[in-house]
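As a plain string of letters, each chain reads:
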Amino acid sequence: MRRDRGPHQGEHRRHERRQRRRAAGARRVLRGPGRAHAQVPGRHQGPRRRHRELRPPAGHQARLHAPGPLPPAGRAHRPVQGAGVEGGDPQPGRSGASHDRARPRLGDGARRQGQHRRRLVRRHLRRLPPLPLPRRPHGPAAHGRPAPPVLPAEGGHQHPAGRRALRRDPRRAGRRCPRRVRRRVLPHPHAPPGGAEVMTAFLGLPARRRTVILLYPKVDHEKDYLYFWMPFSLLSVAKPLIDDGIADVVLFDGNQNDARAWERLLDERLDDAVCIGVSVMTGGGQIAHALDLVGRAKSRPNCPPVVFGGPHVNVLAEQTAEHELVDAVLVGPGQRSMPEFVRALLGGQRLEEVAGLIMRRPDGPLRGPDNPPRTGVMGKYPWHLLNIADYIRDDPTVAPRTLNYISSQGCVYKCQFCYELTYQRKYSAMAAHDIVEDVLELQRAHGMSGVKFYDADWFVNLKRAAAFCDEIIERGIDLAWAASINPNDIRKARRSGLDILTKIAASGGSRLLMGVESGSDRVLRDVVRKEIDREGILDVAADIADHGILGSYTFIIGFPGETTAEQDETYDLMERLRELTPTPETRVHLFAPYPGTPLYAESLRQGFEPPSSLEGWARYDYYESQTPWTSAAMVERARSGTRMKTRPAASGSCP
Ligand code: SF4
């Protein structure tokens, strides 16, 4: 029965062939008693020299390495025919290579000679250093499944076989490993020359550290929001680090773990960490939590460099880089800049070449080249970094076992308050088939029954959306799902003759989240630039309800220059929407100027005073009034306008 070939089987076969060839070369050299020892080179001569001497000399005029007469013409390709070997002469008409392969008949004496030669060959091979084993690449791309983290050991990465041996017999911990295991202690592929003597580019830490700690600090809006976020930004950053074998990654999610868990992780992994990468967005208390956790790490003497990235850094990079707890910031997509930064810390490239890097230095900030916003095609996330079961929730609008998911980055619309505008990410997305396969795998592994897409706008690519729905329908996959949509996506689909709402409903789509922002045509047109008016929104919302899909509509109150009458129009639109069946959800946010957006500049003109430090932004809470024109009464009214399904589906009620 033919066995399936593993991904590295070919490498190991090549390795075995190389060893066989080497043994054959040694046998050729050792043929003929009395010459064998003279022709076996010593270790001191080095592998190149040995290799050269074990090869048969080229050309009939070449001399053997041991002193002696030139061989007769026509036999020079063969070192010496051994004494007592009968029929060992080359047969006429055959090439030299064929002669080498011709098997002589052996008498009793020759058999003893052969045994002697084999002993010599074995002894010779024992003295040779082993050929390097093929390197086992890390990461899911190499294995087709998540790779277990490879723990670095003194002198290089230790093969898992070594760890298994030590687990079986812990008394071996202080002893030398058995030879089979010792041979597999490999240097890291990116280890700089000089090994442990080489220090990282700054902070004077040994370059042997091989783990990147990624930190996603807690977001405070979790407390009143049915919002069970996974740290997708850091999963995206971790992917190239693992796939390219640059470093092992541990991911700490502050939404799932408290400060004590962070301290435990520091106890276990800080000695091995090459850096700590932190992702922060503005608001939600995330910066405050980040500074708290980073402060705990920095209080330890073995803390590696701390690098900040994420939405807040993209708009206020200089201010973030000035903070005493921040060693460097990375502006732009971390998928490109973080691997470069880690390589630079390990000595594999210059810090000046790290895209998007800004770093404090005594002689002025160090800046890397621009980090372009395009992130490339998205791939499968390294799910093994998280405990997926922690993120499955009973979502009343989707399914009892729902997992959230991001399948694209960027947005093509230009809403003037939105951080996507400042980030300027070019749209990139997973293919529809890849999403289905990944979701199915998660479904099989974790028994989830629903998926909630948190993409900025899941329907930017309508063909991709339609292909996803078609595949779910054709394969009969039992899955409930929800996604975000811009009202203009539905109008675009109509114009192109694509009945996207029917496909959504038929494939299990149960909820569409849509940012409406305002009920005032002036605000929609001149302030937000939503590219749709009030009547257009009502028309699209009615269409969604007609297909039996739950609409979830979000609004913003307190835009700069917005009048009370315009706010009344917004609340009136909410009432009109609530007349639909199924009754939509509504959520009202308070306007909070986001740095870098057009409405941030307008807010400054109208008297908004922004925080002047990272600590100041740490207190920036977009659930509270942040602008001088937002009164307490406006805040209270906004809260009463929020009607969300927050209870589990089992209760069946909508508050
Ligand atoms: S559609 Fe949504 S994600 Fe896109 S710019 Fe507007 S608010 Fe931002």
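Notes on the structure in this doc start here. (Residues numbered from 1 in each chain as written. Predicted model: local features only at pLDDT ≥ 70, side-chain atom pairs only at ≥ 80, totals over all residues. Heavy atoms only, no water.)

### What about the overall build of the chain?
What the chain contains, in helices and strands, is 25 helices and 17 strands. Residue burial in the chain is summarised as follows: out of 655 residues, 51% are buried. For the chain, the share of sequence-separated contacts (at least 6 apart) that also reach a separation of at least 24 residues comes to 71%. Here the chain has roughly 31,500 Å² of accessible surface; of this, 50% comes from carbon and sulfur atoms. (Helix = DSSP H or I, 4+ residues; strand = E, 2+ residues; numbered from the N terminus. Buried < 20%, exposed > 50% of the residue type's maximum accessible area, 1.4 Å probe, protein only. Contact = heavy atoms within 4.5 Å. Areas by Shrake-Rupley, 256 points an atom, 1.4 Å probe, with all protein chains shown as cover.)

### Considering the site of the ligand
Within the structure, the ligand sits among Cys411, Tyr413, Cys415, Phe417, Cys418, Ala456 and Asn486. Here the residues of the shell around the ligand are counted per class, giving six nonpolar, one polar and no charged. (Near = heavy atom within 4 Å. Nonpolar A, V, L, I, M, F, W, Y, C, P; charged D, E, K, R; others polar.)

### Looking at the pairing of strand β17 (residues 585–590)
A large share of β17 lies buried, amounting to five of its six residues. In this region the chain leaves strand β16 (residues 550–557), passes through helix α22 (residues 564–578) and returns to the parallel neighbour β17; the handedness of that crossover is right-handed. (Right-handed = clockwise from strand over helix to strand, strands pointing away.)

### Digging into the pairing of β16
Among the eight residues that make up β16, eight are buried, leaving the element largely enclosed by the rest of the structure. Side-chain alternation along β16 places Leu550, Ser552, Thr554 and Ile556 on one buried face and Gly551, Tyr553, Phe555 and Ile557 on a second face that is also buried. The pairing of strand β15 (residues 509–517) with β16 spans six bridges and is classified as parallel. Of the residues in β16, the one forming a bridge with Leu512 is Gly551. (Pairing = 2+ DSSP bridges.)

### A few points about a positive patch on the surface
A cluster of basic residues, Arg13, Arg17, Arg18, Arg20 and Arg21, forms a positive patch on the protein surface. In this fold, Arg17 is placed in helix α1 (residues 9–30). A relative accessible area of 39% places Arg17 in the partly exposed class. (Patch = residues over 30% accessible without salt bridge, like charges linked within 9 Å, V, L, I, M, F, W, Y side chains within 5 Å. Salt bridge = Lys/Arg side-chain N within 4 Å of Asp/Glu carboxyl O. Lys, Arg positive; Asp, Glu negative; His and termini not counted. Charge placed at Lys NZ, Arg CZ, Asp CG, Glu CD.)

### Structural notes on the packing of helix α21 (residues 534–546) against α22
Their axes nearest at 11 Å, the elements α21 and α22 cross at an angle of 20 degrees. The angle between α21 and α22 falls in the class roughly parallel. For the pair α21 and α22, the sense of crossing is right-handed. Two secondary-structure elements touch here, α21 through Arg534, Ile537, Leu538 and Ala541 and α22 through Glu569, Asp572, Leu573, Arg576 and Leu577. (Axes fitted to C-alpha atoms, helices over the stretch in contact; angles between N-to-C directions. Parallel < 35°, antiparallel > 145°, perpendicular 65-115°, else oblique. Left-handed = near helix turned anticlockwise from the far one by under 90°.)

### Some thoughts on helix α25 (residues 632–640)
For α25, the full list of buried residues reads Met634, Val635 and Ala638. What you see down the axis of α25 is that its buried residues fit within an arc of 100 degrees, all on one side. Residues of α25 that are exposed and point more than 90 degrees away from the buried face comprise Ala632, Ala633 and Glu636. (Arc of directions from axis to C-beta.)

### Quick word on the packing of aromatic side chains
Applying the stated rule across the entire model yields 22 aromatic pairs. When the ring of Trp229 is compared with that of Phe232, the centres are 5.7 Å apart and the planes differ by 75 degrees; the resulting orientation is edge-to-face. Exposure class is identical for Trp229 and Phe232. Each is buried. Grouping aromatic residues by their ring pairs yields a cluster made of Trp229, Phe232, Tyr381, Trp383, Tyr405, Phe453, Tyr454, Trp458, Phe459, Phe468 and Trp481. Directly above the aromatic system of Trp458 lies the positively charged group of Arg464, at a separation of 5.3 Å from the ring centroid. (Phe/Tyr/Trp six-rings, centres within 6.5 Å; stacked < 30°, edge-to-face > 60°. Lys NZ or Arg CZ within 6 Å of the ring centre and 35° of its normal.)

### A closer look at the side chain of Glu340
Within the secondary structure, Glu340 sits in helix α14 (residues 334–345). For Glu340, which is buried and forms no salt bridge, the nearest opposite charge comes from Arg336, at a distance of 5.6 Å. Once residues within four sequence positions are removed from consideration, Glu340 is found in contact with Gln349, Glu353, Val354 and Ala355.

### Concerning the packing of helix α10 (residues 259–269) against helix α11 (residues 286–298)
In contact at an axis separation of 10 Å, α10 and α11 are set at 35 degrees when each is read in the N-to-C sense. Both α10 and α11 take part in a crossing whose hand is right-handed. Each of Ala259, Trp262, Glu263 and Leu266 in α10 lies in contact with α11, whose residues at this interface are Leu293, Arg296 and Ala297. Its residues assigned to classes, the contact of α10 with α11 comprises five nonpolar, no polar and two charged.

### Examining the environment of Ala483
Structurally, the position occupied by Ala483 is in strand β14 (residues 480–485). Among the residues examined, Ala483 registers a relative accessible area of 4% and is labelled buried. In this structure, the C-alpha to C-alpha distance between Ala483 and Asp457, residues 26 residues apart in sequence, is 7.9 Å.

### Notes on the nonpolar core
Membership of the largest hydrophobic core comes to 99 residues, with the highest contact counts inside it found for Met338, Phe341, Val342, Phe459 and Trp481. When residues are assigned to domains, this core turns out to be shared by domain 1 (195–367) and domain 2 (392–651), each giving three or more. With residues near it in sequence (within four places) discarded, Phe459 still touches Ala465, Trp481, Ala483, Ser484, Ile485, Asp489, Ile500, Ile504 and Leu512. (Core = buried A, V, L, I, M, F, W, Y, C linked by side-chain atoms within 4.5 Å. Domains from an automatic or database assignment.)

Interpretation in functional terms is not warranted from these geometric data alone.
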